[in-house]
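# Structural features, examined
Single-letter residue listing:
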Amino acid sequence: MPDNPIQFRVMTAEHIPAGLALCRSARWNQLQRDWELFLALSPNECRVAVKGDQVIGTVTTVSYQDCVSWIGMVLVDLAERRQGIGTQLLSEALSVLNDLPLIGLDATPAGREVYLKLGFVDECRLSRMEAVVADSFASQEHNPARPMTEADWPHVLELDRDAFGADRRTMLEWMFAGAPEAAWVLPREGELAGFVFGRHGFNFQHIGPVIAKDTDAACQLVSAALETQRGKAVILDAAHHSSEWLNWLEAAGFREQRPFVRMLRGKGSLPGKPEHQFAILGPEFG
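Here goes a summary of the coordinates provided. (Residues numbered from 1 in each chain as written. Predicted model: local features only at pLDDT ≥ 70, side-chain atom pairs only at ≥ 80, totals over all residues. Heavy atoms only, no water.)

## Describing empty space enclosed by the protein
For clarity, the threshold we go by: Put simply, the grid is 1 Å and covers the protein atoms alone, a cavity is a trapped set of points that fit a 1.4 Å probe, a pocket is an open set with protein on both sides within 12 Å along at least five of seven lines, and lining residues have an atom within 4 Å of a point. Grid points are joined across faces, edges and corners, and a volume is the space filled by probe spheres set on the points. What counts as a helix is a DSSP run of H or I of at least four residues, what counts as a strand is a run of E of at least two, and both are numbered from the N terminus. Any residue that is not Ala, Val, Leu, Ile, Met, Phe, Trp, Tyr, Cys, Pro, Asp, Glu, Lys or Arg is counted as polar, Gly included; the first ten are nonpolar and the last four charged.
Summed over the entire model, instances satisfying the criterion amount to two cavities of 30 Å³ or more. Around the largest cavity, the lining residues are A179, E181, A182, G198, R199, H200, Q205, H206, I207, A225, T228 and Q229. Those elements that provide at least two residues to the lining of the largest cavity are β9 (191-199) and β10 (205-212). The dominant element in the lining of the largest cavity, judged by the number of residues it contributes, is β10, at three residues. Considering only residue class, the lining of the largest cavity consists of four nonpolar, six polar and two charged.

## Things to note about the state of the cysteines
Simply put, the disulfide is a covalent bond whose two ends are the sulfur atoms of two cysteines. So the rule is basically this: Note on terminology: disulfide denotes any pair of cysteine sulfur atoms within 2.5 Å.
In total, this model carries zero disulfides according to the counting rule given. Sulfur of C46: no disulfide; nearest cysteine sulfur belongs to C23 and is 13 Å away. With no disulfide partner, C124 has as its closest neighbouring cysteine sulfur the one in C67, 17 Å distant.

## Observations regarding the pattern of salt bridges
As a reminder, the rule being used: One speaks of a salt bridge when a side-chain nitrogen belonging to Lys or Arg is within 4 Å of a carboxyl oxygen belonging to Asp or Glu.
Using the criterion set out here, one finds 15 salt bridges in the structure. Here R146 and D152 are joined by a salt bridge, their closest N and O atoms 2.8 Å apart. A network of salt bridges, in which partner residues are shared, links D34, R199 and E284.

## With respect to the environment of E284
Under the convention used in this document: Between buried and exposed lies partly exposed: a residue is buried under 20% and exposed over 50% of the maximum accessible area for its type, with that area taken using a 1.4 Å probe on protein chains only. Only heavy atoms enter the contact rule, under which two residues are in contact if any of them lie within 4.5 Å. Under the rule applied, a polar contact is a pair of N or O atoms within 3.5 Å (in protein, one hydrogen donor and one hydrogen acceptor; residues adjacent in sequence only if both atoms are side-chain atoms).
Within the secondary structure, E284 is located in the segment after β13 (277-279). By relative accessible area, which is 4% here, E284 ends up buried. In this structure the C-alpha to C-alpha distance between E284 and M73, which are 211 residues apart in sequence, comes to 5.9 Å. Residues within four places of E284 in sequence aside, it is in contact with Q30, F38, W70, G72, M73 and R199. Among the polar contacts made by the side chain of E284, one reaches the side chain of Q30 at a distance of 2.8 Å.

Structural data, given as structure tokens:
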């Protein structure tokens, strides 16, 4: 028996500082309020790996009703890697989600090889896009996008349920509360053609989700959101279903930081309308 066997425990609020320390070591973007949201959404379904009295790994899960569940925040202390701890954490998460029909995650190319062995299959490609917004940046001329107001909530939630396929009200309200200046909507012919939210991070401002009925709407929304981020480093996790969208992001100054592969395990395909999801909320949330 090893002197300090690894134990897997339910994540609680007392583990948040350790989770943040792992984020900083890995140069990830999450803040304390992100961890607090994981525990609010899934109070008994996130796990930590503990060696002695030290947290050396984490994994989170989020379930969107009975539609789809998501695995994220698979973090292992640098000194403890290559011992199978990440795979064990994934097994813990899969055990938690065992009764649910569909499980998703967004994998790096290296992580993909592990997930394939656990029964995940490729669904689509994503790219984390990075830019530093110029101080002189100006939104598109005659851009009809405007800041979101409380009166827009019913329409935003309807659009999001239609595109994502499940109710994310709690999560979107959390985003609006944390960065109201990053929330924009696009009126068109008496209804909304799309919306964008954003959140603060340790290294970057994060733009997303971007939900829009077409590419033009997505570009107008991001253009408006960028105008509030002059001089700041921003990231956006872009879907690959529109080459016009990716070309516009590059023209706006974005470059790919790293690729992701969206992967699924279980029965069926993702709910909603993925073609209306131009940027996801983040790989940790789906």
